[in-house]
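This is what each chain is made of:
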Amino acid sequence: MREWRRTVEEIFDSSRLFRCCRAFSTCCNSGDGRIIEYTFQIGHMRCINRCIWEPNTQKGGWGSLEEAAGGWSRVTGFAESLTSGHFAVLILKQSHLFPGHMQAKKRYLILLSASACLALLYLGVVPLPRASNHRHESSRHGHRPDHPWPHFSDRLHPFVPWDQTDTEEYNLHTSVKHNRDVNTSVYKGKRCRMDSCFDFSLCKKNGFKVYAYPQQKGEKISESYQNILSIIEGSKFYTSDPGQACLFVLSLDTLDRDQLSPQYVHNLKTKIQNLPLWNDGRNHLIFNLYSGTWPDYTEDLGFDIGQAMLAKASISTENFRPNFDVSIPLFSKEHPRTGGDRGYLKYNSIPPFRKYMLVFKGKRYLTGIGSDTRNALYHVHNAEDVVLLTTCKHGKDWQKHKDARCDKDNTEYDRYDYKEMLHNSTFCLVPRGRRLGSFRFLEALQAACVPVMLSNGWELPFSEIINWNTAAVIGDERLLLQIPTTVRSIHQDKILSLRQQTQFLWEAYFSSVEKIVLTTLEIIHDRVLEHRSRSTLMWNSHPGGLFALPQYSSYLGDFPFFYATLGIKPHPKFTAVIHAVSNLVSQSQPILKLLMAVSKSQYCAQIVVLWNCDKPLPAKHRWPAASVPVVVVEGENKVMSSRFFPYDTIMTDAVLSLDEDTVLSTTEVDFAFTVWQSFPERIVGYPARSHFWDSNKERWGYTSKWTNDYSMVLTGAAIYHRYYHYLYTNYLPSSLKSMVDQLANCEDILMNFLVSAVTKLPPIKVTQKKQYKETMMGQSSRASRWADPDHFAQRQTCMNKFASWFGAMPLVRSQMRLDPVLFKDQVSILRKKYRDIERL
């Protein structure tokens, strides 16, 4: 065995250096040799090749050391032809593997030649190009102030190991023209970014609006893509007018671009080019789950995407355009359209270890792309705490290609139940399949099984906003044997933190197609309105970016969810908002009594009377004099939803929402606000209601019966954060708010649905109180709706309508009630702080 080691240090552009290095690889491989080290380092401009040479003239190899040196001379000539007059220093280094076959004479000759080259350079015989950049170069030979630093203008080519030079991936990089022809959709817009391929002027006039092309007759469309279009059309971003749109989404199904798939749409290139609004894809978003086909599964979509953005699953970091494309997860057609099941982590077990440490169960590919990693899993499998199961029993011709391990693997594969493994393992291996993404990724997230990623080059879903280091272990396919040791070394505190973050991410962004689509749109929305975009903390902490709207505020302290994280407290005062629907005709009306009781609270900053009555506003002198400011405003269109409008007059964090006929004392108001200060993200109040599932009618029911639990606190006497006014107005769809306005009912139920969906927590009831409504209200008032039998039936209907839109029942039951200390205790009333509560 003999080894050549060559070092090339040169001052010409990087692409030529790369080709020069590759030339030596070609000469070495043309003989009976192979490259064992191939380094292309831009920073110091050097290329190192180590070629193990074995003399074998029968195979056309270099028969002697002299012939080998001759082969290197041919390489040197090729390198010099590439430099076009640039100078290259070729230094021969003799490895310790050479015993002494090279004669001293030849060594001296080579050294003399190198010295002559250096002398010619020094004397200026060989001209050097003058660069416009006069920064100096520092090489390993010392500081050379008279030599300018090279200017690299060509795009850097990725490093390709010697044993991959015959693969298709290698060939794609060897020819730019071939790369353009094979993968046009990725190549032509490779350098697209928001500032170069997106027209921001379309978004300035009408904001961020999304237009979905109308579906064309006769065009087949998959159920998954139909769900995506329906979600966009039902979102707050949708517009039916293309003239108002900032972003466009095709109605042509682009999800499955595998030519062997029945969902593949033919002639898509022509159909897209004929769209009148296409404009080379500018301001367009294309959704894709599957690209390429057997055997190589490239990322080519089969049509030119132009300047369109891609929301793509299984996208590689090489083809991913940062801050332009969006990486989405691979999801199945059975993935829930809305809502989705919650994560499987019901409680935090300490220590957080399960029956298995690491599991996987899936297909094994015997040949082709994606087969290497899964074929090697049996080396790590121990059938105890590391259970990695594969089967080659898939496809029509699997028996023709099966290997010696297939029968044994298939037998063991059938012994284990996948769900049992998934729910009883600490870590779940997520190796790549034919494509970079895998269904196992979402399955692991939902099961609170920490994903261990083994898919080199995969741009993880929503990587622009999600810090995956807090929820997953990012492994390397080349270091498979180290994975068990690595996961065992993770501390149990870190495991618990990782598991909790998987549950948050699953429920915030991945549990339904709706959340995946809306997250994609919100990411692009943040790019368009960068000055009001969400922070990393908003995206990666509860309740997530979909519920933390940056248009409300750019300061985290204005949101109730981040008080504990920031170590701050809410404003020490509240604003009372009294919803008035009856005309003011008497000084003894309940609304005036309520106003005086609330104004006496030590925590009251102001009182806002929301006038939703059909009659004109009463004169100012009709309102009693109070110790705090009283502001009367007319409701927006005088509809029920207007009570939750984000009025500028509300300056405090806390809002005390009151109906005009509510009966509350000053002490009760003080105590409720004191409780709310400890739970600023929840609804805190007095009147409680509950929901239940009616199995006979197969629908949700609403009840006001006194039971041992509750799931709602009505906003007729409740305190909550003012941010929920903004969320109610700007997050909920107009269809739900229109329903509330038409019925003049259910607005309090809808608010409870919203807050529970955000917090995943129940409201808090304070101090038992049987009567919270004034009984002396006249029957002609709107308050008489409480006695209307249709009122109860309407609320039943609302419950099911709201649950349908949220995709699941967000309400959470609770059995907790907070009372003052010594409440109802047999002690002196003088020892109690809230004395008046017990008299009510």
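From a predicted model like this one, the values you see are computed outputs, not experimental measurements.

Asker: What's the story with the overall build of the protein chain in this structure? I'm lost.
Answerer: Secondary structure summary: the protein chain contains 26 helices and 29 strands in total. Across the 840 residues of the protein chain, 52% fall into the buried class. Restricting to contacts in the protein chain with at least 6 residues of sequence separation, those with at least 24 account for 73%. Looking at the protein chain as shown, the accessible area adds up to about 39700 Å², and 51% of this sits on carbon and sulfur atoms.

Asker: What's the story with the pairing of strand β22 (residues 654-659) in this structure? I'm lost.
Answerer: Looking down a regular strand, the side chains alternate between one sheet face and the other. For β22, a buried count of six out of six residues is recorded, marking the element as mostly surrounded by other parts of the structure. In β22, alternate side chains face the same way, and those of A654, L656 and L658 on one face and V655, S657 and D659 on the other are all buried. The sheet contact formed by strand β19 (residues 574-580) and β22 spans six bridges and is parallel. Bridge pairing in β22 places H579 opposite D659. Relative to strand β27 (residues 717-721), β22 is paired through five bridges, and the arrangement is antiparallel. Within β27, the position partnered with L656 by the bridge is I719.

Asker: Is there a simple way to think about the packing of aromatic side chains in this case?
Answerer: Within a pair of aromatic rings, the relevant descriptors are the distance that separates the centres and the angle that separates the planes. Taken as a whole, this structure holds 35 aromatic pairs when the rule is applied. Lying across the ring of Y378, R405 places its NZ or CZ 3.7 Å from the centre.

Asker: Would you take a moment to explain the environment of R835 for this structure?
Answerer: Inspection of the secondary structure puts R835 in the segment after β29 (817-818). With 168 residues separating them in the primary sequence, R835 and T667 have C-alpha atoms 7.9 Å apart.

Asker: Help me understand the pairing of strand β10 (residues 284-288) in this model?
Answerer: Burial of β10 is extensive: five of the five residues sit out of reach of the surface. The side-chain alternation of β10 yields two buried faces, one formed by H284, I286 and N288 and the other by L285 and F287.

Asker: Can you walk me through unusual backbone geometry in this structure?
Answerer: Only a minority of non-glycine residues have a phi that is not negative, and only a minority of peptide bonds are not trans. Of note, the bond from H542 into P543 is cis; its omega dihedral lies within 30 degrees of zero at 10 degrees. Tracing the backbone through its elements, the reader meets P543 in the loop between α19 (536-540) and α20 (563-566). Even without a glycine there, the phi angle at A448 is positive, about 60 degrees. Here A448 lies in the loop between α15 (440-446) and β17 (450-454).

Asker: Can you walk me through the nonpolar core in this structure?
Answerer: One recurring pattern in soluble globular proteins is that nonpolar side chains are buried together. With 77 residues, the main nonpolar core has F287, F462, W468, Y509 and F510 as its most contacted residues. Each residue touching W468, except ones within four places of it in the same chain, is listed here: F441, L445, L460, P461, S463, L505 and F510. By size, the runner-up hydrophobic cluster in this structure holds 52 residues, among which are F561, Y647, L754 and M799.

Asker: Just checking my understanding: could you explain the side chain of E747 for this structure?
Answerer: Its location among the elements puts E747 in helix α25 (residues 747-759). For E747, a relative accessible area of 3% corresponds to the buried category. A distance of 3.2 Å separates the side chain of E747 from the side chain of R643, its partner in a polar contact. For E747, the residues in contact, after removing those within four places along its chain, are M640, R643, F644, Y728 and V740.

Asker: Explain the sheet that holds β27 to me, please; I cannot follow it from the model alone.
Answerer: Ordered by their spatial adjacency, eight strands build an open sheet running β21-β20-β19-β22-β27-β23-β28-β29, and the pairing between neighbours is mixed. Sheet topology places β21 (630-634) and β29 at the edges, where each strand pairs with a single neighbour. Bridge count for strand β23 (residues 684-685) against strand β28 (residues 764-766) is two bridges, and the pairing is parallel. Across the sheet, residue G685 finds its bridge partner in β28, namely K765. Against the sheet, helix α22 (residues 666-676) engages β19, β22, β23, β27, β28 and β29, with an angle of about 30 degrees to β27.

Asker: How do you make sense of the state of the cysteines when you look at a structure like this?
Answerer: Scanning the entire structure with this criterion turns up five disulfides. The residue that forms a disulfide with C192 is C197, at a sulfur-sulfur distance of 2.0 Å. On the sign convention where negative means left-handed, the S-S torsion of about -75 degrees between C192 and C197 marks this disulfide as left-handed. Residue C192 is classed as buried on the basis of its relative accessible area of 4%. Taking relative accessible area as the criterion, C197 reaches 7% and is therefore assigned buried. With its sulfur 2.1 Å from that of its partner, C428 forms a disulfide with C449. One disulfide, between C428 and C449, carries an S-S torsion of 105 degrees and so falls in the right-handed class. Pair noted here: C428 is in strand β16 (residues 425-431) and C449 is in the loop between α15 and β17, with a separation of 21 residues, a long-range link.

Asker: Any chance you could explain the packing of helix α17 (residues 492-510) against helix α18 (residues 513-528) here in plain terms?
Answerer: The description of two helices packed together rests on the angle between their axes and the distance between the axes. Running from amino to carboxyl end, α17 crosses α18 at an angle of 80 degrees, the nearest separation of the two axes being 7 Å. Between α17 and α18, the interaxial angle falls into the category roughly perpendicular. Contacts from E507, A508, Y509 and F510 of α17 reach α18 at K515, I516 and T519. For the contact of α17 with α18, the per-class residue count stands at four nonpolar, one polar and two charged.

Asker: Please clarify how the packing of α25 against helix α26 (residues 789-806) should be interpreted in this entry.
Answerer: Their axes nearest at 10 Å, the elements α25 and α26 cross at an angle of 30 degrees. As summarised for this structure, α25 and α26 are arranged roughly parallel, according to the angle between their axes. With respect to the hand of their crossing, α25 and α26 are arranged in right-handed fashion. Taking contact as the criterion, the partners of D748, I749, L750, F753, L754 and A757 in α25 are, on α26, R795, M799, F802, A803 and F806.

Asker: I tried to follow the pattern of salt bridges on my own but got confused; where do I start?
Answerer: Counted by the stated rule, this structure contains 21 salt bridges. For K638, the salt bridge is made with E634, and the minimal N-O distance between the two is 3.1 Å. The network of salt bridges with shared partners includes K236, E522, D526 and R534.

Asker: Just checking my understanding: could you explain a nonpolar patch on the surface for this structure?
Answerer: There is a patch of nonpolar side chains on the surface, built from L537, Y555 and L566 and spanning about 260 Å² of accessible area. Tracing the backbone through its elements, the reader meets L566 in helix α20.

Asker: Hey, could you run me through the environment of G339 in this one?
Answerer: Assignment of secondary structure puts G339 in the loop between β13 (326-327) and β14 (356-363). Distance in space between the C-alpha atoms of G339 and S804 is 8.7 Å, their sequence separation being 465 residues. When neighbours within four sequence positions are excluded, G339 is seen to be in contact with S511, S512, E514, K515, F806, G807 and A808.

Asker: Mind showing me how you'd approach the sheet that holds β10 here?
Answerer: Strand-to-strand pairing in sheets goes through backbone hydrogen bonds, with the strands running parallel or antiparallel. Spatial ordering of the open sheet is given by β7-β8-β10-β12-β13, a layout of five strands whose pairing is parallel. In the strand order of this sheet, the two ends are held by β7 (210-212) and β13, each with one partner. Inspection of the sheet shows β7 paired to strand β8 (residues 247-249) by three bridges, in the parallel sense. Paired with Y211 across the two strands is F248, which belongs to β8. Most of the contacts of α18 go to β10, to which it runs at about 150 degrees, and overall it touches β7, β8, β10, β12 (309-312) and β13.

Asker: What exactly am I supposed to notice about α25 here?
Answerer: An α-helix turns once per 3.6 residues; consequently, residues spaced three or four apart project the same way. Helix length check: α25, at 13 residues, gives a terminal C-alpha distance of 19 Å against a target of 18 Å (1.5 Å per residue), a fit within 8%. Summarising burial for α25: 13 of the 13 residues are buried, a large majority. Phi turns positive one or two residues past the end of α25, at K760, with a value near 60 degrees.

What counts, and at which threshold
Each chain carries its own residue numbering, running from 1 in the written order of its sequence. Reporting in this predicted model follows two pLDDT cut-offs: at least 70 for local features of residues, and 80 or more for side-chain atom pairs to be given and counted; totals over whole chains, interfaces and linings ignore these cut-offs and use all residues. Based on all heavy atoms of the structure, the side-chain values leave hydrogens and waters out of the count. Helix and strand assignments follow DSSP, with helices taken as H or I runs no shorter than four residues and strands as E runs no shorter than two, numbered in order from the N terminus. A 1.4 Å probe rolled over the protein chains alone gives each residue an accessible area, and that area as a share of the maximum for its type sets the label: buried under 20%, exposed over 50%, partly exposed in between. Residue contacts are counted whenever heavy atoms from the two residues lie within 4.5 Å of one another. Reported accessibility uses the Shrake-Rupley method at a 1.4 Å probe radius. Residues are deemed covered only where the shown protein chains occlude them. At least two DSSP bridges between two strands are needed for those strands to be called paired. For Phe, Tyr and Trp, rings pair up if their centres lie within 6.5 Å, where Trp contributes its six-membered ring, and each pair is then called stacked (planes under 30 degrees apart), edge-to-face (over 60) or tilted (otherwise). Sitting over a ring, as applied to charges here, requires NZ of Lys or CZ of Arg to be within 6 Å of the ring centre and within 35 degrees of the ring normal. Each nonpolar core is a collection of buried residues, namely Ala, Val, Leu, Ile, Met, Phe, Trp, Tyr and Cys, held together in the definition by side-chain atoms within 4.5 Å. Whenever a nitrogen or oxygen atom comes within 3.5 Å of another N or O atom, the pair is scored as a polar contact, on the condition that within protein one atom can donate a hydrogen and the other can accept it, and that pairs from neighbouring residues in sequence are kept only if both atoms are in side chains. Lines fitted to C-alpha atoms define the axes, with helix axes restricted to the stretch in contact, and inter-axis angles between N-to-C directions lie between 0 and 180 degrees. Throughout, disulfides are identified as pairs of cysteine sulfur atoms within 2.5 Å of each other. An angle counts as roughly parallel when it lies under 35 degrees, as roughly antiparallel when it exceeds 145, as roughly perpendicular when it falls between 65 and 115, and as oblique in every other case. Note on residue classes: Ala, Val, Leu, Ile, Met, Phe, Trp, Tyr, Cys and Pro are nonpolar, Asp, Glu, Lys and Arg are charged, and everything else, Gly too, is polar. The crossing is said to be left-handed when, going from far helix to near helix, the turn is anticlockwise and less than a right angle, and right-handed when the turn is clockwise. The term salt bridge refers to a side-chain nitrogen of Lys or Arg lying within 4 Å of a carboxyl oxygen of Asp or Glu. Here, patches come from residues exposed beyond 30% relative accessible area and free of salt bridges, joined within 9 Å for like charges and within 5 Å for nonpolar side chains (Val, Leu, Ile, Met, Phe, Trp, Tyr). Each residue after the first adds 1.5 Å to the expected span of a helix.

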